Amino acid sequence: MPEGHVLHRLARHLNAHYRDAPLEATSPQGRFEASLIDASLLLQAEALGKHLFLAFSSGHTVHIHLGLIGSLRFEPVGDVWGQIRLRLSNGTGAAHLRGPQYCRYLSPAELQGIIDRAGEDPLREDADPDALWERVHASRRSIGSLMMDQKLFAGVGNIYRAEPLFRLGISPFLPGRELTRAQFDALWGDLVQLMRYGVAHGRIDTVRDEHSPEAMGRPARADDHGGEVYVYRRAGEPCFVCGTPIATKKVEGRNLFWCPGCQGAAPA
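Keep in mind the model is a prediction, meaning the values are calculated, not measured. (Residues numbered from 1 in each chain as written. Predicted model: local features only at pLDDT ≥ 70, side-chain atom pairs only at ≥ 80, totals over all residues. Heavy atoms only, no water.)

**Section: the domain arrangement of the chain**
Under the domain assignment used here, the chain contains domain 1 (4–116) and domain 2 (129–258). Computed from C-alpha coordinates alone, the two centres of domain 1 and domain 2 are separated by 30 Å. Between domain 1 and domain 2, the contact holds seven residues from the first and 13 residues from the second. Buried surface at the junction of domain 1 and domain 2, both sides included, amounts to about 720 Å², of which 65% is carbon and sulfur. Together, His-5, Arg-9 and Lys-50 form the three largest contributors to the area buried by domain 1 at its contact with domain 2, with a combined 66%. (Domains from an automatic or database assignment. Contact = heavy atoms within 4.5 Å. Buried area = accessible area lost by both parts, 1.4 Å probe.)

**Overview of the UniProt feature "domain: Formamidopyrimidine-DNA glycosylase catalytic" (unreviewed entry) in the chain**
The positions UniProt marks with the feature "domain: Formamidopyrimidine-DNA glycosylase catalytic" (unreviewed entry) are residues 2–93. Along residues 2–93 the backbone is 15% helical and 37% strand, and the end-to-end C-alpha distance reaches 23 Å. (UniProt positions renumbered as here; feature names shortened; annotations may be inferred. Helix = DSSP H or I, 4+ residues; strand = E, 2+ residues; numbered from the N terminus.)

**Here we look at the environment of Pro-108**
Locating Pro-108 in the fold gives a position in helix H2 (residues 108–117). Exposure remark for Pro-108: the relative accessible area of 70% places this residue in the exposed category. Once the C-alpha coordinates of Pro-108 and Gly-78 are considered, the two residues, 30 residues apart in sequence, prove to be 35 Å apart. (Buried < 20%, exposed > 50% of the residue type's maximum accessible area, 1.4 Å probe, protein only.)

**A short note on the layout of surface pockets**
By volume, the second largest pocket amounts to about 200 Å³. Along the walls of the second largest pocket sit 14 residues, with His-51, Ile-114, Arg-117, Ala-118 and Gln-150 positioned nearest its centre. Where the lining of the second largest pocket is concerned, the elements lending two or more residues are strand S4 (61–65), strand S8 (102–106) and H2. Among the domains, domain 1 (4–116) and domain 2 (129–258) are the pair contributing at least three residues each to the lining of the second largest pocket. (1 Å grid on protein atoms, 1.4 Å probe; cavity = no way out; pocket = protein on both sides within 12 Å on 5 of 7 lines; lining within 4 Å. Points joined across faces, edges and corners; volume = space filled by probe spheres on them.)

**Some remarks on a nonpolar patch on the surface**
On the surface, a nonpolar cluster with roughly 370 Å² of combined accessible area is contributed by Met-1, Leu-68 and Ile-69. Relative to the helices and strands, Leu-68 is located in the loop between S4 and strand S5 (71–76). Taking the relative accessible area as the measure of exposure, Leu-68 reaches 69% and is therefore exposed. (Patch = residues over 30% accessible without salt bridge, like charges linked within 9 Å, V, L, I, M, F, W, Y side chains within 5 Å. Areas by Shrake-Rupley, 256 points an atom, 1.4 Å probe, with all protein chains shown as cover. Salt bridge = Lys/Arg side-chain N within 4 Å of Asp/Glu carboxyl O.)

**Examining the packing of helix H1 (residues 4–17) against helix H6 (residues 181–201)**
Orientation of H1 relative to H6, taken along the N-to-C sense of each, is 45°, at an axis distance of 8 Å. When the axis of H1 is compared with that of H6, the two are oblique. Read as a crossing pair, H1 and H6 show a hand that is right-handed. Each of Gly-4, His-5, His-8, Arg-9 and Arg-12 in H1 lies in contact with H6, whose residues at this interface are Met-195, Gly-198, Val-199, Ala-200 and His-201. (Axes fitted to C-alpha atoms, helices over the stretch in contact; angles between N-to-C directions. Parallel < 35°, antiparallel > 145°, perpendicular 65-115°, else oblique. Left-handed = near helix turned anticlockwise from the far one by under 90°.)

Dropping the structure here:
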């Protein structure tokens, strides 16, 4: 599932290239009533966590959630392939939405409901880390579990859960109520930094310069997610810092990756 930086990159591109003139909106797949926004202006594309909201001059708001297999690609006008749920064309290019979990219209009340339920997004200026700290510090759940809760850390996924915890030497099994304020502040700050890099570069890079392939004389990572990481999807491989094999464990249905040497062993 795409992590939050992907949605913010999509919103930024839509705002930069699709707001100048009325758009042609269609649904080649036939599963979305695109005529309601056809020939209207895109007023604003906005991301919140893993949600993307498109506000149109027609008064309609489209809610997009890519889910596990969805994609929104910017392609040439004539490059029409696959099952396209929503197609927005500006005459020179087109935004093609395929396989989303959600592509639907929202009423103002429904939109507000999603906003109210969402957690704090490290990529938004209106995020309130102080409010998030209060909720984290009151919880018995592990910080590794809390970070995957979209009602707390909006936009954070498996990679942005594993990597900052490793970089700061925090055990993913540490209960939220045992996390210090200094640790929380460092964690939030690292999320902001890493996710902003993801928006700017379109890839997730979390290794420090001294652990880059060039500095260590090791092969670059080959993975469809791109970027250099410390622990994510590196189970059994040696830690770049201490050499301990990276561990993995199923936590709430998702693979958790961590270094037992740098972050401690899993609870018995």
